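Residue-level structure breakdown
What follows is each chain in one-letter form.
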Amino acid sequence: MTTVAILGFGLSGRYLQAPFFLANPNFRLKTIVSNNQNPQDIYLGVQKATSLDEVLADPEIDLVSVASPNETHFEYTQRCLKAGKHVLVEKPFTATSAEAETLVALAKSLGKHLFVFQNRRWDSDFLTVQKVISEGLIGDVLSYEAHFNRYKPVLNPKKWKEVIAPGNGILYDLGSHILDQTLLLFGKPKSVWGETWTQREHSEVDDAFDVKLDYGKIKVNLKSSILVREDTPRYIIQGTKGSFVKYGIDVQEDHLKAGIMPGMPGFGIEPEANWATINTDIGGLHVRGRVEPLPGNWAPLFQNIHDVIHNGATPAIALEDIVEQIRIMELVKQG
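A short tour of the structure in this document, coming up.

Now for the overall build of the protein. Assigned secondary structure in the protein consists of 9 helices and 14 strands. For the protein, whose C-alpha radius of gyration is 20 Å, the value lies close to the compact-globule estimate of 20 Å for 335 residues. Taken along the three principal axes of its C-alpha coordinates, the protein extends 60 × 45 × 40 Å. Sorting the 335 residues of the protein into buried and exposed places 50% on the buried side. Considering only contacts in the protein between residues 6 or more positions apart, those separated by 24 or more positions represent 70%. Within the structure as shown, the protein displays about 14,900 Å² of accessible surface, and the carbon and sulfur contribution to it stands at 52%. Of the charged side chains in the protein, 34 are positive and 40 negative, and the gap between their average positions amounts to 0 Å.

Here you go:
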């Protein structure tokens, strides 16, 4: 049994993590740090704390999830590791690759496990993309394009997200997800080009980006904007045998916000309107049709955390990938 504390009761702590810790019998979610709402109002039996110090002083806590504002990730993770806790860190892991390398080295020296909450490796659409590519259904990949757009013209009410601070802006917020997916698929790129810019009136942080990664034969383009009202394809993949195009996004976040919990009927299953289109050759036949996405399920990330801590399993998310992700975002931000 792994006893857990979550630092923060915002989107990640409340909706994206707590339900999965509670659904997995290998975890005991004991404490959530919140300065506002009492977590007990939503999750019975979970205690409220108001500071990191309370968590670090509790000898029962094995794993601390750092789901606090981005600029606190390095400091809080460092403190948790030095207090003898395993740590799960919300993305972005850190603001710089130097900070990331420091934390990785510290965890190793202390014999503690360090995890990063890159949950979108287990999104329905990305799981489907992985299978299409690994099965060679469109041949060898030539170009890979991923978009992560939103339409939020009004500044975020969470003021910490709208100020110039380490790790803030859409590249670190959303880009960390599609960069992580790309590194999982193709590894370290040969070269990187990218730019970020600001579109919303009165915004201080970047809210759009365009990143190009060169893998030689494979060309990758990752794009995002917070001012896209009409949906664009989420994935466009061209291969030597055909094409794969996917609109819509994994529905787990929406389900969790609506009270549909892991394990409930229909959880993580995208509607038919989100099914992908494939145009390719299979078994000597020309095939053009719809592809039902695999069910999304972030639960394996949590199970892997338990298995790493207690059973010596290999981490599902290599920290080397995370350091490379931060390095790429640094290069893009530097222009």
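Helical geometry: 3.6 residues make up each α-helical turn, so side chains three or four residues apart lie on a common side. Compared with the 20 Å implied by 1.5 Å per residue over 14 residues, the 20 Å span of helix H4 (residues 97–110) between its first and last C-alpha is a close match. Considering only its buried residues, H4 is in contact with helix H3 (73–82), strand S6 (114–117) and helix H9 (319–334).

Further remarks concern the sheet that holds strand S11 (residues 235–239). The strands making up a sheet associate through backbone hydrogen bonding, with each pair oriented either parallel or antiparallel. The mixed open sheet is built from 8 strands, whose spatial order is S8-S9-S10-S7-S11-S12-S13-S14. The strands lining the two open edges of the sheet, one partner per strand, are strand S8 (191–197) and strand S14 (285–291). Each strand of the sheet is rotated relative to its neighbour by a mean of 10°, with strand direction disregarded. Alignment of S8 against strand S9 (residues 208–215), held across 7 bridges, turns out to be antiparallel. What sits directly across from Ser 191, in S9, is Asp 214.

Turning next to the side chain of His 147. Within the secondary structure, His 147 is located in strand S7 (residues 141–147). Only 2.6 Å separates the side chain of His 147 from the side chain of Glu 145, close enough to count as a polar contact. With sequence-adjacent residues up to four places away left out, His 147 is seen in contact with Lys 223, Thr 232, Pro 233 and Arg 234.

This part takes up the pairing of strand S5 (residues 86–90). The side chains of a regular strand alternate between the sheet's two faces. With 5 of its 5 residues buried, S5 lies for the most part within the structure. Side chains of S5 alternate between two faces, with His 86, Leu 88 and Glu 90 and Val 87 and Val 89 buried alike. Sheet analysis places strand S4 (residues 63–66) next to S5, joined by 4 bridges and oriented parallel. Considered in S5, the bridge of Ser 65 is made with Leu 88. You can see the chain leave S4, run along H3 and come back into S5, and the turn it takes is right-handed. Of the pairings in the sheet, the one linking S5 to S6 comprises 4 bridges and is parallel in character. Note that in S6 the partner of Val 87 across the bridge is Leu 114. Taken together, S5, H4 and S6 form a β-α-β motif whose crossover is right-handed.

Before going further, it helps to spend a moment on unusual backbone geometry. The amide bond that connects Lys 91 to the next residue, Pro 92, takes the cis arrangement and shows omega of -5°. Tracing the backbone shows Pro 92 in the loop between S5 and H4. Its identity is not glycine, yet His 202 carries a phi of approximately 75°, on the positive side. On the secondary structure map, His 202 appears in the loop between S8 and S9.

Once that is clear, we can look at the packing of H3 against H4. Helix-helix packing is described using two parameters, namely the angle between the two axes and the distance between the axes. Relative orientation of the contacting elements H3 and H4 amounts to 10°, with a least axis distance of 10 Å. Looking at the two axes, H3 sits roughly parallel to H4. Contacts from Phe 74, Thr 77, Gln 78, Leu 81 and Lys 82 of H3 reach H4 at Glu 99, Thr 102, Leu 103, Leu 106, Ala 107 and Leu 110. Considered class by class, the residues forming the contact of H3 with H4 number 6 nonpolar, 3 polar and 2 charged.

The next point concerns the packing of aromatic side chains. Here a ring pair, both rings aromatic, is described through the centre-centre distance and the interplanar angle of the planes. Scanning the model with the defined rule gives 10 aromatic pairs in all. Summarising the aromatic geometry, the rings of Phe 21 and Phe 27 are spaced 5.1 Å apart at their centres and angled 75° between planes, so their arrangement reads as edge-to-face. Neither Phe 21 nor Phe 27 differs from the other in exposure class; each is buried. With 5.4 Å between their ring centres and 80° between their planes, Tyr 144 and Phe 186 make a pair best called edge-to-face. Linking Tyr 144 in strand S7 with Phe 186 in helix H6 (residues 170–186), this pair joins segments that are 42 residues apart in sequence. Just as Tyr 144 is buried, Phe 186 falls in that class too. Here the aromatic cluster, defined as three or more aromatic residues joined through ring pairs, consists of Phe 20, Phe 21, Phe 27, Phe 117, Phe 267, Trp 298 and Phe 302. The lysine or arginine in question, Arg 234, covers the ring of Phe 148, its NZ or CZ lying 4.5 Å from the ring centre.

Right, let's get into the environment of Asp 123. When you line up the elements, Asp 123 lands in the loop between S6 and helix H5 (124–134). Not counting the four nearest positions on each side in its chain, Asp 123 is found in contact with Arg 234, Asp 250, Gln 252, Gly 296 and Trp 298.

With parallel pairing, 6 strands are arranged side by side in an open sheet as S3-S2-S1-S4-S5-S6. In this open sheet, the two strands that pair with only one neighbour each are strand S3 (47–49) and S6. Going across the sheet, the axis of each strand differs from the next one's by a mean of 25°, ignoring polarity. Here strand S2 (residues 27–33) runs beside S3; their pairing, made up of 3 bridges, is parallel. Paired with Val 33 across the bridge in S3 is Ala 49. Of the strands in this sheet, strand S1 (2–7), S2, S4, S5 and S6 touch helix H1 (residues 11–23), which is tilted by about 175° from S1.

What counts and how
Residues numbered from 1 in each chain as written. Predicted model: local features only at pLDDT ≥ 70, side-chain atom pairs only at ≥ 80, totals over all residues. Heavy atoms only, no water. Helix = DSSP H or I, 4+ residues; strand = E, 2+ residues; numbered from the N terminus. Rg over C-alpha atoms; globule rule 2.2 N^0.38 Å. Buried < 20%, exposed > 50% of the residue type's maximum accessible area, 1.4 Å probe, protein only. Contact = heavy atoms within 4.5 Å. Areas by Shrake-Rupley, 256 points an atom, 1.4 Å probe, with all protein chains shown as cover. Lys, Arg positive; Asp, Glu negative; His and termini not counted. Charge placed at Lys NZ, Arg CZ, Asp CG, Glu CD. Expected span 1.5 Å × (residues − 1). Pairing = 2+ DSSP bridges. Axes fitted to C-alpha atoms, helices over the stretch in contact; angles between N-to-C directions. Polar contact = N/O pair within 3.5 Å; in protein donor to acceptor, adjacent residues only side chain to side chain. Right-handed = clockwise from strand over helix to strand, strands pointing away. Parallel < 35°, antiparallel > 145°, perpendicular 65-115°, else oblique. Nonpolar A, V, L, I, M, F, W, Y, C, P; charged D, E, K, R; others polar. Phe/Tyr/Trp six-rings, centres within 6.5 Å; stacked < 30°, edge-to-face > 60°. Lys NZ or Arg CZ within 6 Å of the ring centre and 35° of its normal.

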